[in-house]
Amino acid sequence: MAAGTFAEKGADLELVGITKTFPGFTAIRSLDLFIPAGSFFALLGPSGCGKTTTLRLVAGLEEPTAGRIVIGGKDVTSTKSFQRPVNTVFQSYALFPHMSVLENVAFGLRRRGIASPLEKAHEALRLVELDHLAARRPAQLSGGQQQRVALARAVVNRPALLLLDEPLGALDLKLRRQMQLELKDIQTEVGLTFLHVTHDQEEAMTMADTIAVMNRGEIEQMGAPEELYELPRTAFVANFLGQSNLFTGEVVSSTPDALTVASAGQQLVIPSARAPRRSGTVTVGVRPEKLLLLTAPPAAPSSGVNVLGPGRVIDVSFSGVSTQYTIAVPGIGDVIVFAQNMVFGPVVHVGAEVWVSWNVEHGFGLEDSPAEAAAGVADAASAAGADGDVATSALTTVKA
Amino acid sequence: MAFSAFASTPAAAGPVVRRRSWIALVLLLPGILYLLLFFITPLISLVFTSFQQPVINGDIGQYSAGFQWSNYTDSVVQYLPLILRAFGYALLATLLALVISYPLAYFIGVKVRGFPLVQSLLLTLVIAPFFISFLLRTLAWKQIMSDEGPIVVGLKALSIFPSDGHITGTPFAVIFGLTYNFIPFMTLPLYATLERLDVRFIEAGNDLYASPFTTFRKITVPLSLPGIVSGTLLTFIPAAGDYINASGDFLGSAQTSMVGNAIESNFLVTQNYPVAAALSIVLMAVILIIVGFYVRRAGTEDLI
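Cut-offs applied
Residues numbered from 1 in each chain as written. Chains lettered and ligands numbered in written order. Predicted model: local features only at pLDDT ≥ 70, side-chain atom pairs only at ≥ 80, totals over all residues. Heavy atoms only, no water. UniProt positions renumbered as here; feature names shortened; annotations may be inferred. Helix = DSSP H or I, 4+ residues; strand = E, 2+ residues; numbered from the N terminus. Contact = heavy atoms within 4.5 Å. Areas by Shrake-Rupley, 256 points an atom, 1.4 Å probe, with all protein chains shown as cover. Lys, Arg positive; Asp, Glu negative; His and termini not counted. Charge placed at Lys NZ, Arg CZ, Asp CG, Glu CD. Rg over C-alpha atoms; globule rule 2.2 N^0.38 Å. Buried < 20%, exposed > 50% of the residue type's maximum accessible area, 1.4 Å probe, protein only. Buried area = accessible area lost by both parts, 1.4 Å probe. Salt bridge = Lys/Arg side-chain N within 4 Å of Asp/Glu carboxyl O. Polar contact = N/O pair within 3.5 Å; in protein donor to acceptor, adjacent residues only side chain to side chain. Nonpolar A, V, L, I, M, F, W, Y, C, P; charged D, E, K, R; others polar. Expected span 1.5 Å × (residues − 1). Arc of directions from axis to C-beta. Axes fitted to C-alpha atoms, helices over the stretch in contact; angles between N-to-C directions. Left-handed = near helix turned anticlockwise from the far one by under 90°. Domains from an automatic or database assignment.

In the annotation of an unreviewed UniProt entry, chain B is listed under the name ABC transporter permease and assigned to Subtercola boreus. If you open the UniProt record of chain B and go to Subcellular location (unreviewed entry), you find "Cell membrane". In the Sequence similarities (unreviewed entry) part of its UniProt record, chain B is described as follows: "Belongs to the binding-protein-dependent transport system permease family. CysTW subfamily."

The name given to chain A in an unreviewed UniProt entry is Spermidine/putrescine ABC transporter ATP-binding protein, with the source organism recorded as Subtercola boreus.

Structure, rendered in C-alpha cells:
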C-alpha cells in the first residue's frame, strides 16, 4: 500500500482454500469465502469454531497452513501484518497503556507518515464522541469508552478492510445495543468493508448484511440474516441462529409443490421448494414463533396447515413480550411455541391439553442427514450453554 | 433501612483502620530496627569519621574528632580520575549488560512463555553463577584471560594480538568482569517485566502499520521500562562501587583502579580512615544524584 494515502473505499476480501492447523487440531478446514467491498459481513459461531482464527489470518497475525488471502485483488498471503491494508478492533481493545487516547488513535497515522495525524485523530475521536477525553490514559476510561477508542484507532486509518473481533463482548446489554447502532452508522458513513466476528446471533443479525455461520472450522451456511433465519439449511444453523422445532420422518409423498413426511404417525407437509432432500429419512423444521396454540382440536383438517397433537403443556415461561410454551407431543417429543402476549399473561397452564398448527409454507427441510442433524443440534446446544446466549431467556416460569 | 446500614459503615470503619495500622507498625518494626542499627548508625559513624583529623605525633591510623572539611576537597582532587573511571566503567558495563540481557530476558519471558519447564531451566541457568562465590568466579576469569591462558596464547599464535599484549589489567578485562558479574541483576528484573508483557499490544502495533523494529521501539521498550530502570539501577549502583574486578589481584591493575579500590586501600592498607570515609560519602552522594535524575527522566508517570 502506498504510504501517506488512505484507502479510497473498502476492498473486497477473498479467502481461497484456507486451512489452518495447530498442533493437535484443525482450526479451519479448506475455507472459501468472498466478501464484497463495502459490505458488513459477520462470521457467527460458537467459541472454538475457527472464526477468530479466520480473522487473525486476514489480519496477518497467523499464517495459513494452506490457501490464499486476497484483499482488493492483491494476494497478501505472504505479507506481514503491518503491510496489510487492514485494521483490527481487538476483543481486549489492546489500547497502548503508556500513551494518551489521542496518541493511541494517531499511532497508525504516524506509522504511515500521513499528514497532520493529530488533527485526524481528533476528528476520529469526535466521530466516536470522545474528543474531550483525548488527553486521558486508556486506563482512566470505562469499558465502553475504551471500546470506542479502539474503534476510532482502527477507523482513523481508513483501512480497506476493518476487522472486528467480538469488540462488544465485554459491554453490558444496553451499551452493546447502542454501540451496535453506532458501528453500523460508522460503517455506512465511511463505506468500509467490515468483517465482524461474533458469537452473539442477535448482534450478527442486527448489524450484518451477510452472515456466515461457522461450526467446527467450516462455514455451515451463508446468506442475508432473514434468509438464514427463515430457511436454515442445517440443524446447527436452525438451532444456533434462534431456535427451531425439528422433526425427523420418512417421506411418504413428493410432488413438485409439496413434500409429505410421516413422523410418529403424524403427517407434516412442507413446500418442496424449501426442502433440499426429497426422499428417505429427512428432517423438517419450523420456527417456534410460527406455531399457533390451539386448545381444541381443529374442526376439519384444512389444506395448507400442519397440525400436531394432542400434546400436554409441560412448561410455561413468561418473558414479557412473549411467552414460551413447551408441549410434549407423544412420539414426537418436545415442541416449543413462542406466543405474543396478546392478552395479559399466559393463555394456557401446565398440564393443559393442546394442539399446535402452522402454515405449510413456514416449514423448512434440512440438508443434513438425520445423523448430521443430531450432531448439529448437540453442537448448537453446547454452544448456547457455553456462551450463555440462548435465543430467549425466560424471566419467570409460570407453573399452575 | 438500607441507607442507615450504609451510614453506619464509616463509624465502624474507624477502629478497623486503627487496628490495621497498629499491626502494620508491628510488622514494620524489625525492618525499622534493622535499618537504624545497620544503616543509620554506620552512616552517622562514617560521616563523623570523614571529618576527623590526625592526632599530632600519634600512631598511624590514630585520629581524633574534628571538622576537617579538607578531607573531602583533598580526596576528591586526588582521586578524581578514579571516581570518573568508576562511573565510566559502571556505565559501560551497565549498557553491555542491558544489550546482552534484554534479548535473553525477552526470549525467556515472551518467546518460551508456553513452556514453563524451559522457562525455569533457562532462569536457573541465569542464576547458576551465584552458586559459586563471586571471588572464585572472578579469579577463574583471571586465569582464563591471563597471559598464559588459552585466550591470550591463542590470539598471539594467530598473530592477532601483539606478543607483549595482555588482557588482564586492561579496562577491557575490568568492564568484562563487571558486565559478567552483574548480568543476572539485569536479567531478572527485565524478565519479571517482560514475562507480564501482553503480546496483544505487539499484535496491535503490527496491525497499526508498525514494523517489528518500530513496534519494539514504540511499544515493547516503553512497556518494559520498569524492568529496564530497576535492572540498570541494580547493575550500575554496585558496579560503580565495585573494587574486586578492578583490583590488581583480580582482573585489573593500577591503571584501572576505580574509586572502590581507593576506598579499600585507604581503609585497609594506609589506614587513612577520614579520606576513605569522605570518598565513600562522595560516591554515595554522586550515585544518589545520578539515580535521582535517571529515575525522574525515565518518568514513573509515563508508566501507565
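This brings us to the overall build of chain A. Along the backbone of chain A there are nine helices and 21 strands. In terms of overall dimensions, chain A has C-alpha extents of about 75 × 45 × 35 Å along its principal axes. For chain A, restricting intrachain contacts to residue pairs at least 6 apart in sequence, the fraction spanning at least 24 positions comes to 68%. Summing over all exposed atoms, chain A offers an accessible surface of approximately 16,800 Å²; the carbon and sulfur share of this is 54%. Here chain A contributes 32 positive and 40 negative side-chain charges, whose respective centroids are spaced 7 Å apart.

On to the overall build of chain B, then. On a plain count of helices and strands, chain B comes out with 12 helices and two strands. Relative to a compact globule of 304 residues, whose C-alpha radius of gyration would be 19 Å, chain B shows 25 Å and is clearly more extended. Dimensions of chain B, computed from C-alpha atoms along their principal axes, come out at roughly 85 × 60 × 35 Å. Taken across its 304 residues, chain B has 38% of its residues classed as buried. Intrachain contacts of chain B at a sequence separation of at least 6 include 66% that bridge at least 24 residues.

We now examine the interface of chain A and chain B. The interface of chain A with chain B comprises 27 residues on the first partner and 20 residues on the second. It is Phe82(A), His98(A) and Arg111(A) that lose the most area in chain A upon contact with chain B, and together they represent 29% of the buried surface on that side. Where chain A packs against chain B, one counts one salt bridge. For Arg56(A), the salt bridge identified is with Glu203(B), shortest N-O distance 2.6 Å. In this structure, the connection of chain A to chain B is made through seven residue pairs in polar contact (both at pLDDT 80 or more). If you list the elements that add at least two residues to the side of chain A that touches chain B, you get helix 1 (51–59), strand 6 (86–89) and helix 2 (101–111) of chain A. Class assignment of the residues belonging to the side of chain A that touches chain B gives a composition of 14 nonpolar, seven polar and six charged.

All right, on to the side chain of Ser75(B) then. Residue and element names in this part refer to chain B. On the secondary structure map, Ser-75 appears in helix 3 (residues 70–111). Take Ser-75: its relative accessible area is 0%, and that puts it in the buried class. Setting aside anything within four residues of it in sequence, one finds Ser-75 in contact with Ser-70, Leu-80, Val-275, Ala-278 and Leu-279.

Residues and elements named next belong to chain B. Between its first and last C-alpha, helix 5 (residues 134–145) extends 17 Å over 12 residues, near the 16 Å set by a 1.5 Å rise per residue. Among the residues making up helix 5, those that are buried are Arg-137, Thr-138 and Met-145. For helix 5, the arc enclosing every buried residue in end-on projection is 95°, short of the 170-degree limit, so these residues lie on one face. Pointing more than 90 degrees away from the buried face of helix 5 are the exposed residues Leu-136 and Gln-143. The N-terminus of helix 5 is capped by Ser-133, whose side-chain oxygen sits 3.1 Å from the backbone nitrogen of Leu-135.

We now examine the side chain of Thr198(A). The topology assignment puts Thr198(A) in strand 8 (residues 193–198). Looking at Thr198(A), its side chain comes within polar contact range of the main-chain nitrogen of Asp200(A), at 2.9 Å.

Take the pattern of salt bridges next. With the rule as written, the count across this model stands at 15 salt bridges over all chains. Between Arg216(A) and Asp379(A) there is a salt bridge, with the nearest N and O atoms lying 2.7 Å from each other. Taken together, the positions of Arg216(A) in the loop between strand 9 (210–215) and strand 10 (218–223) and Asp379(A) in helix 9 (residues 370–387) put the pair 163 residues apart, joining distant regions of the chain. The network of salt bridges with common partners includes Lys20(A), Arg56(A), Glu62(A) and Glu203(B).

All names here are of chain B. Across the interface, helix 8 (residues 199–207) lies against helix 9 (residues 212–223) with an axial gap of 9 Å and an inter-helix angle of 145°. Where helix 8 crosses over helix 9, the two elements pack in a sense that is right-handed. For the pair formed by helix 8 and helix 9, the contact residues are Phe-201, Ile-202, Gly-205 and Asn-206 on the first element and Pro-212, Thr-215, Ile-219, Thr-220 and Leu-223 on the second. Of the residues assigned to the contact of helix 8 with helix 9, the class counts are five nonpolar, four polar and no charged.

All names here are of chain A. Taken domain by domain, chain A comprises domain 1 (13–223) and domain 2 (231–398). A straight line from the C-alpha centre of domain 1 to that of domain 2 covers 36 Å. Across the contact, 15 residues belong to domain 1 and 14 residues belong to domain 2. Interface area lost by domain 1 to domain 2 is led by His-199, Gln-201 and Gln-221, which between them contribute 39%. The interface formed by domain 1 and domain 2 contains one salt bridge.

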